[in-house]
Structures are given as C-alpha cells and as structure tokens.
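Spelled out from the first residue to the last, the chains are:
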Amino acid sequence: MGSKRTRGSRPPQNWREVFLGELAQTSNVAGAARKAGVDSSTVYKTRRGEPDFYRAWQEALAEGYDNLEMDLLRRLRIGEMTGGGPTKSRRKYDNAIAFRLLSAHRESVGRQRALRANEDEDAIIASINEKLEKMRQRQIAMQADLGADGVYRVTADDGR
C-alpha cells in the first residue's frame, strides 16, 4: 500500500517507476497513483508535460491491458479461485469491472500496439538494409580482386 501524502509535501523520488509498474499490473490509474504515493492529478499533469512519461504510460497501459485480457481468458477457461483449506485464500473477481477496463482502454492500447508494430518493422527493414550493404561491399571488394584475365586472386590477408 502506498504512503499517504499531505497536501504540499513532495512526492517520493521514484514515484514514476512505482506508478508505471503498478499501472502495468492493474490498468488502474488511481490505484497506481495511490501505490506510488502521489495524487492522480500529479500523474495526469506529468503525462501532459513529459512526452517520455506519456510514452511509458501508454506502454504500461498496453501491458496492463494484455495482463487483464489474459486474466479474463484464464477465468473463462478454468473458472475462478475458490476457498478450499486453511492455506488457500478465497478471491472474488469482478469480471464486469475487468470488461469495462478493457473497453475503456481498447482504443489507446490498439494505437500503442500499432506503434510497436511499426517500430518492429523499422528495425527489420534497417537490419535487411544493413545486410544488403554488407553484401554490396563484399561484391565490390571481390570485383576489385579480379585480375585483368577475370580470375579471382586470393591473397594471404583475404579474410572473407
């Protein structure tokens, strides 16, 4: 549980990390803010003013959305946990709230997934271009090593 702050007191130094971690686990902004020891208004203000924090927020929200989807699927497939002995705890899930959270964040998570896919695509294209460039350089080097008679000459320092 997060520590209580009084109005005007400074937020904990690592509140951003705590907030983002909790947001990734729960998809709950208010709960993540409480856990981080800051007001919800602080996290929203920071999100508006810091582009890097906004991106991290969207990533955490997308991760939380994925976690929530997986939890719901698991519950649908195997049912809910029930009590059954002195060591097992009884846990009640509110599937209606989970579905509302999924609905509320569906659009922003979809945008974040699209951004991730574009970044992955850019990395793949860059890797392919790098390999093609290395192949071009090897071909140029091989052509330079061809003798006037068109015969490839291997030299002692040929590392290919």
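Please read all numbers here as calculations on a predicted model, not as lab measurements.

Calculation rules
Residues numbered from 1 in each chain as written. Predicted model: local features only at pLDDT ≥ 70, side-chain atom pairs only at ≥ 80, totals over all residues. Heavy atoms only, no water. Helix = DSSP H or I, 4+ residues; strand = E, 2+ residues; numbered from the N terminus. Buried < 20%, exposed > 50% of the residue type's maximum accessible area, 1.4 Å probe, protein only. Contact = heavy atoms within 4.5 Å. Areas by Shrake-Rupley, 256 points an atom, 1.4 Å probe, with all protein chains shown as cover. pLDDT = per-residue confidence, 0-100. Core = buried A, V, L, I, M, F, W, Y, C linked by side-chain atoms within 4.5 Å. Phe/Tyr/Trp six-rings, centres within 6.5 Å; stacked < 30°, edge-to-face > 60°. Lys NZ or Arg CZ within 6 Å of the ring centre and 35° of its normal. Salt bridge = Lys/Arg side-chain N within 4 Å of Asp/Glu carboxyl O.

Attention now moves to the overall build of the chain. A tally of helices and strands in the chain yields five helices and zero strands. Relative to its 160 residues, the chain shows a buried fraction of 21%. Look at the contacts in the chain between residues 6 or more apart in sequence, and 57% of them connect residues 24 or more apart. Looking at the chain as shown, the accessible area adds up to about 12,000 Å², and 53% of this sits on carbon and sulfur atoms.

Looking at the chain, the pLDDT average stands at 76 and 69% of residues meet or exceed 70. Per-residue pLDDT, averaged within each element of the chain, yields its smallest value for helix α5 (residues 95-145) (74) and its largest for helix α3 (residues 40-49) (95).

Let us look at unusual backbone geometry. The phi dihedral of S27 falls on the positive side, at around 60 degrees, and the residue is not glycine. Secondary-structure assignment places S27 in the loop between α1 (15-26) and α2 (29-36).

Here we take up the nonpolar core. Counting 15 residues, the largest nonpolar core has W15, F19, L23, V43 and W57 as its most contacted members. Elements with a contribution of two residues or more to this core: α1, α2 and α4 (51-78). No other element matches the five residues that α1 contributes to this core. Excluding residues within four positions of it along the chain, W15 makes contact with A36, V38, T42, V43, T46 and F53.

Attention now goes to the environment of Y44. Relative to the elements of secondary structure, Y44 occurs in helix α3. Considering only alpha carbons, one finds Y44 and V29, 15 residues apart in sequence, at a separation of 9.2 Å. Sequence-distant contacts of Y44, that is, excluding residues within four places in its chain, are made with V29 and W57.

Within this structure, the stated rule accounts for six aromatic pairs. Geometrically, the ring pair formed by F19 and W57 is tilted, given 5.1 Å between the ring centres and 50 degrees between the ring planes. Of this pair, F19 sits in helix α1 while W57 sits in helix α4, and the two are 38 residues apart along the sequence. In this structure, F19 and W57 share a single accessibility class: buried. Three or more aromatic residues joined by ring pairs make a cluster, and in this case those are W15, F19, Y44, F53 and W57. Positioned above the aromatic ring of W57 is the side chain of R47, whose terminal nitrogen or guanidinium carbon lies 4.6 Å from the ring centre.

Our next topic: the pattern of salt bridges. One pass over the structure, following the stated rule, counts four salt bridges. E50 serves as the salt-bridge partner of R16, at 2.8 Å between the closest nitrogen and oxygen. Of this pair, R16 sits in helix α1 while E50 is found in the loop between α3 and α4, placing the two residues 34 residues apart along the sequence. Given a relative accessible area of 29%, R16 falls into the partly exposed group. A salt bridge links E133 to R136; the nearest nitrogen and oxygen atoms lie 3.2 Å apart. With a gap of three residues between them, E133 and R136 both fall in helix α5, about one helical turn apart. On the basis of relative accessible area, E133 is assigned to the partly exposed category, the value being 35%. Judged by relative accessible area, which is 44%, R136 ranks as partly exposed.

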